[in-house]
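The lines below spell out each chain.
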Amino acid sequence: MRKTGALMLCLLLAGCDGPNDTQLITETGKQLQRTIDVNPMRSACEKIAKGREWLSDKTVQRLEAKGCQHVLRSATETNFTNTQIFRHAMPMVCGAIMGKSFTGEDISRRFIFSPEENALVIEPMSSHDKTRFEDLKTLQQLQSDFERQQAQYCR
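Thresholds applied
Residues numbered from 1 in each chain as written. Predicted model: local features only at pLDDT ≥ 70, side-chain atom pairs only at ≥ 80, totals over all residues. Heavy atoms only, no water. Axes fitted to C-alpha atoms, helices over the stretch in contact; angles between N-to-C directions. Helix = DSSP H or I, 4+ residues; strand = E, 2+ residues; numbered from the N terminus. Parallel < 35°, antiparallel > 145°, perpendicular 65-115°, else oblique. Left-handed = near helix turned anticlockwise from the far one by under 90°. Contact = heavy atoms within 4.5 Å. Nonpolar A, V, L, I, M, F, W, Y, C, P; charged D, E, K, R; others polar. Core = buried A, V, L, I, M, F, W, Y, C linked by side-chain atoms within 4.5 Å. Buried < 20%, exposed > 50% of the residue type's maximum accessible area, 1.4 Å probe, protein only. Polar contact = N/O pair within 3.5 Å; in protein donor to acceptor, adjacent residues only side chain to side chain. Disulfide = S-S within 2.5 Å.

## Thoughts on the packing of helix H3 (residues 40-49) against helix H4 (residues 57-66)
Orientation of H3 relative to H4, taken along the N-to-C sense of each, is 165 degrees, at an axis distance of 9 Å. Comparing the axis directions of H3 and H4 gives the class roughly antiparallel. Seen along the crossing, H3 lies across H4 with a hand that is right-handed. Taking contact as the criterion, the partners of Met41, Ala44, Cys45, Ile48 and Ala49 in H3 are, on H4, Thr59, Arg62, Leu63 and Lys66. For the contact of H3 with H4, the per-class residue count stands at six nonpolar, one polar and two charged.

What follows is the structure in structure tokens.
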């Protein structure tokens, strides 16, 4: 009887080993927050903005010259929009986040997150979105790569 009970418990647990939708969305949010918070452009923009909510025209011009209109100001001020979970060979979380840039504009960025690989791709909007592995690619190439991945994993 104990063996049968143990076998049943193992079979039940084997079917429940994957994360549920809530866990996937929570992990995606954490990964997005980490990525936004450690963006090297964020610190450069913060040095110019100096934490101010109201910016002079001169400060906005300096921020725009640095590309800060494409940088999310804070991970805590962003919201998920159109987030869906797609289950192919592995689950993928696709959607968008909305937030404020350092210049005060509303910006939206699409993303693709693979929880199994712990890999997050955020839609590139400027050349500052390149990683050290993508330095030789143009912004257009990065955007084309993102569109291809979006078509492959988010349908």
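## Here's the deal with the nonpolar core
Of all hydrophobic cores here, the largest spans eleven residues; its members are Leu24, Leu32, Ile36, Leu72, Ala75, Val93, Ile97, Ile107, Phe111, Phe113 and Leu120. Contributions of two or more residues to this core are made by helix H2 (21-37), strand E2 (91-100) and strand E3 (106-114). Apart from residues lying up to four places away in sequence, Ile36 is in contact with Arg42, Leu72, Ser74, Ala75, Thr78 and Ile97. In this structure, Met41, Ile48, Leu63 and Cys68 belong to the second largest nonpolar core, which totals eight residues.

## Some words on the side chain of Gln31
With respect to the secondary-structure elements, Gln31 resides in helix H2. Side-chain polar atoms of Gln31 contact the side chain of Arg34, separated by 2.7 Å. When neighbours within four sequence positions are excluded, Gln31 is seen to be in contact with Phe113, Asn118 and Leu120.

## A short note on the state of the cysteines
Two cysteines form a disulfide when their sulfur atoms are joined by a covalent bond. By the definition in use, this model includes two disulfides. Each sulfur in the disulfide pair Cys45 and Cys68 lies 2.0 Å from the other. Because the sign of the S-S torsion sets the handedness, a value of about -95 degrees for the bond joining Cys45 and Cys68 places this disulfide among the left-handed ones. Separated by 23 residues along the polypeptide, Cys45 in helix H3 and Cys68 in the loop between H4 and strand E1 (79-87) bring together distant segments of the chain. Note on accessibility: Cys45 and Cys68 belong to one class, buried. With its sulfur 1.9 Å from that of its partner, Cys94 forms a disulfide with Cys154. On the sign convention where negative is left-handed, the bridge of Cys94 and Cys154, at about -75 degrees about the S-S bond, is left-handed. With Cys94 in strand E2 and Cys154 in the segment after helix H5 (139-153), this residue pair connects regions lying 60 residues apart in the sequence. Looking at Cys94, the relative accessible area reads 3%, which means it is buried. Here Cys154 falls in the buried class, since its relative accessible area comes to 7%.

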